[in-house]
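Take a look at the letters that make up each chain.
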Amino acid sequence: MENVNKIRKKGDGSFSNVQKKRRASGQEYIGRSQVVEAKKPPPDKVSCKCRYKCKEIDFEQKLKLFNDFYDIGDSTKQNSYLMELMSVCEVKRRRHGTYTDAESSRRQATIFFTVSNGKGETLQVCRRTFLEIHCITKRRVETLVKAKKSGDIVYIERRGNKKQHRKYSELDEQQIVNHINSFPKEESHYTRAKNSNEYLSQDLNYSKLFFAFKELHPNSLITIRFYTDMVKKHFPKLKFQRPRKDTCGTCDLLHNQIKSNKEDKNTFKRNWSITIERLKKPDQK
């Protein structure tokens, strides 16, 4: 198998779409957990013993049908092609078993499979031969039969292609913005010329902000992940830790003493507060 790089982008060139096209073309492709081999052509011998005309279709015609099917290269168009070769009819003869009412039977329809013999005629074949010629699974046929019973003429792909509904409204987003704006923010004193960052209190973090938000809006379904993402989106320059250049040597010394002395924290905190008040009033002796 040729090397296929996992292109991290959306559209026709994405890794998943490349593998889908390889799968629809019958080539070897990379599945979710392993490499899936390419589709094998039908056997040259008849493997069934049915009463239909499977023996009248030679190997060359089987091989042509196989190649034509995978040359389509699109799973939706392939399914529509297969549905044209299938017909759903009422059950003509029932062999009554344990059920008394016909509606209780699991078999509510008879499925006929036909293929071209290469001479302008269509021949009825059994399901086994039909699966071998197109190298498809029984489950795929059952899916198409279900679509035929529901009245679909062509196959309609209902997987995917759904609009992603937004979980949170603009009001939820605005509530987060208003909540952040309710907190006082400061600018750096010595590094304002280099950046325009804003700083919240060092005692805050995203978790504390979120729990404070939930106290104001207890019925809100906003998660902490969405809250954090919105804060980073609307306040990209918001920080919690002030830069070290905004502190003096005295403050750093007192701060380290508070951290290192667990027994006498209150005394150091009181000294720190007195020092800060004294520094704010330099004229006072």
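Below is a short write-up of the structure. (Residues numbered from 1 in each chain as written. Predicted model: local features only at pLDDT ≥ 70, side-chain atom pairs only at ≥ 80, totals over all residues. Heavy atoms only, no water.)

**Description of the sheet that holds strand E6 (residues 186-187)**
For clarity, the threshold we go by: For two strands to pair, DSSP has to find at least two bridges joining them. Put simply, DSSP marks the helices as runs of H or I at least four residues long and the strands as runs of E at least two long, and each gets a number from the N terminus on.
Pairing within the open sheet is mixed, and its 3 strands lie in the order E6-E7-E8. For this open sheet the edge positions go to E6 and strand E8 (238-239), each flanked by a neighbour on one side alone. Pairing analysis gives 2 bridges linking E6 to strand E7 (residues 198-199), with the strands arranged antiparallel. Across the sheet, residue glutamate 186 finds its bridge partner in E7, namely tyrosine 199.

**Section: the pairing of strand E5 (residues 122-125)**
Cut-off, in case you're wondering: The buried label goes to any residue with under 20% of its type's maximum accessible area, the exposed label to any with over 50%, and the partly exposed label to all in between, with areas taken from a 1.4 Å probe on protein chains only.
The side-chain alternation of E5 yields one buried face, formed by Leu123 and Val125, and one unburied face, formed by Thr122 and Gln124. The sheet contact formed by strand E4 (residues 110-116) and E5 spans 4 bridges and is antiparallel. Of the residues in E5, the one forming a bridge with threonine 114 is glutamine 124. Hairpin geometry of E4 and E5 is characterised by an intervening segment of 5 residues between the two adjacent antiparallel strands and by a positive phi of about 80° at glycine 118.

**Topic: the nonpolar core**
Just so we agree on the cut-off: Definition used in this section: a nonpolar core is a set of buried Ala, Val, Leu, Ile, Met, Phe, Trp, Tyr and Cys residues joined via side-chain atoms within 4.5 Å.
In this structure, Met86, Val115, Val125, Phe130, Ile136 and Val141 are the most contacted members of the largest nonpolar core, which totals 25 residues. Contributing elements (two or more residues each) for this core: helix H2 (59-71), helix H3 (75-84), E4, E5, helix H4 (127-134) and helix H5 (138-149). With 17 residues, the next largest nonpolar core counts Ile176, Phe183, Phe226 and Leu238 among its residues.

**Points about the packing of H2 against H3**
Cut-off, in case you're wondering: The angle between two axes is taken between their N-to-C directions and runs from 0 to 180 degrees, where each axis is a line fitted to C-alpha atoms and a helix contributes only its stretch in contact. By the definition adopted for this analysis, an angle is roughly parallel if under 35 degrees, roughly antiparallel if over 145, roughly perpendicular if from 65 to 115, and oblique otherwise. Working rule for contacts: check all heavy atoms of both residues, and any pair within 4.5 Å makes them a contact. Side-chain classes follow a simple rule in which Ala, Val, Leu, Ile, Met, Phe, Trp, Tyr, Cys and Pro form the nonpolar group, Asp, Glu, Lys and Arg form the charged group, and the remainder, Gly included, forms the polar group.
Contact geometry for H2 and H3: axes closest at 9 Å, N-to-C directions at 140°. Considering their axes alone, H2 and H3 lie oblique with respect to each other. The segment H2 lies against H3, with Leu65, Phe69 and Tyr70 engaging Gln78, Tyr81 and Leu82. Tallied by class, the residues present in the contact of H2 with H3 amount to 5 nonpolar, 1 polar and no charged.

**Describing the packing of H3 against H5**
Stated formally: Left-handed is the label given to a crossing in which the near helix is rotated counterclockwise from the far helix by less than a right angle, and right-handed is the label when the rotation is clockwise.
Direction vectors running N to C along H3 and H5 enclose 70°, while the axes themselves pass 10 Å from each other. The angle between H3 and H5 places the two elements in the roughly perpendicular class. The two elements H3 and H5 cross, and the hand of that crossing is right-handed. Across from Ser75, Gln78, Asn79, Leu82 and Met83 in H3, the residues of H5 making contact are Arg140, Leu144, Ala147 and Lys148. Taken together, the residues that form the contact of H3 with H5 break down as 4 nonpolar, 3 polar and 2 charged.

**A short note on the side chain of asparagine 117**
Cut-off, in case you're wondering: Polar contact is the term for a pair of N or O atoms within 3.5 Å; when the atoms are in protein, one must be able to donate a hydrogen and the other to accept it, and sequence-neighboring residues count only if both atoms are side-chain atoms.
As for its placement among the helices and strands, asparagine 117 is situated in the loop between E4 and E5. At 3.0 Å, the side chain of asparagine 117 and the backbone nitrogen of lysine 119 are in polar contact.

**Side note on unusual backbone geometry**
In this model, cysteine 135 sits at a positive phi of 50°, which is unusual for a non-glycine residue. Summarising the element assignment, cysteine 135 is placed in the loop between H4 and H5.

**With respect to the sheet that holds E5**
Here 3 strands make up an open sheet; going across it, the order is E3-E4-E5 and the pairing antiparallel. The open sheet has two free edges, formed respectively by strand E3 (86-89) and E5, since each of these has just one partner strand. This sheet shows a mean twist of 35° between the axes of neighbouring strands, independent of strand direction. Along the sheet, H4 contacts E3, E4 and E5; its crossing angle with E4, the most-contacted strand, is approximately 45°.

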